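Topology and contacts: notes
Given next are the chains, with one letter for each unit.
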Amino acid sequence: MRRLPPLNRLRSFEAAARLQSFAQAADELNLTASAISHQMRDLEAHFGRALFERSHRRVTLTAEGRRLHESLARVFDALEAACADVALPAQDQVLAVHCAPSLAIKWLGPRLREFVAAHPGLHVRLSTGAELPDLAARRDVDLALVYADGRARAGTSVEPLGDEQIAPLVAPSLLAPRANVGSLVQRLPLIDSTLSPVGWPSWFALQGLVLPDRPRMAFDRAALAIAAAVDGLGVALESTRLAAREIERGELVVLGARRFRPQAGPVHFLHVRTGGQRPPVRAFVEWLRAAAS
């Protein structure tokens, strides 16, 4: 036997703690406020300590109440996820893709409609995050698209998602007619994309230019650096693949496209489990290769 208080008390406590109101918790759980209050007193008696500080219209958690709520919130999140998994379609109808945030927003997301249209019976689940999930241990993710991590892990294979050009991107409003782009890039504010495999120091060295010694803005997501360049905050050194829509709309241009030496190489990598792959995984990998080419 597990030594637990009644689960309905814990459910009521989670709602009351989250909403900081017995009345709102009662509305959410279809109970009366007095029933919630009675359950909370039972729970406090079970633990032998106060969980709430009560006022006329509001309740706040004690230190013990906060500790219990933090733990219970994680437990209820896990329960909710477990129940949601039961309701999912059969495995062959689900494709779980994990993707670097900027790639998901700027490149993969706008193209997913094409893949979904070709596979109407497939449920695509897209999650984002900067870290590569452990595909050998986690079976809730089929494949991962990550930024600047091409190292193979045990039980997985990895391949680059094609080459990408890294170039200085700037809003047209910052360009002066017939200006010398070499002096212009040294004069304009520079935007650092901190996770990019190519930084301003190596780029300036490749061009034979001196890196200006002045403060620079920095963003830890390519999408943020690109958005800052669109807003006219400076020049971003980023992937033209991620900025393709902004370039097509004329919101950004490649600074010195004919003057500066280009830099290109793999930036994003596809990680997938080795061994027999389910048909949805094979179909997505084939589509992804075609889209990246």
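What counts, and where the lines are drawn
- Residues numbered from 1 in each chain as written.
- Predicted model: local features only at pLDDT ≥ 70, side-chain atom pairs only at ≥ 80, totals over all residues.
- Heavy atoms only, no water.
- Core = buried A, V, L, I, M, F, W, Y, C linked by side-chain atoms within 4.5 Å.
- Buried < 20%, exposed > 50% of the residue type's maximum accessible area, 1.4 Å probe, protein only.
- Helix = DSSP H or I, 4+ residues; strand = E, 2+ residues; numbered from the N terminus.
- Contact = heavy atoms within 4.5 Å.
- Pairing = 2+ DSSP bridges.

1. A few points about the nonpolar core
In this structure, L108, V185, F284 and L288 are the most contacted members of the largest nonpolar core, which totals 51 residues. The element best represented in this core is helix α10 (residues 279-292), accounting for seven residues. Setting aside residues no more than four positions away along its own chain, L288 makes contact with W107, L108, L145, L161 and L270. Judged by nonpolar contacts, the second largest core, of 18 residues, contains L10, A15, I36 and L72.

2. What to know about unusual backbone geometry
Even without being glycine, N30 reaches a positive phi, approximately 60°. Mapped onto the elements of the fold, N30 is located in the loop between α2 (22-29) and α3 (33-47). Positive phi outside glycine occurs at A148, with the angle close to 60°. Locating A148 in the fold gives a position in the loop between β5 (143-147) and β6 (156-160). Looking at A148, the relative accessible area reads 40%, which means it is partly exposed.

3. Topic: the pairing of strand β8 (residues 190-193)
Neither face of β8 is exposed, since L190 and D192 on one face and I191 and S193 on the opposite face are all buried. Two elements, β8 and strand β10 (residues 235-239), share two bridges in a ladder whose sense is parallel. Residue pairing across strands places L190 opposite V235, the latter belonging to β10. Bridge analysis of β8 against strand β9 (residues 217-219) gives three bridges, and the strand direction is parallel. Considered in β9, the bridge of I191 is made with M217.

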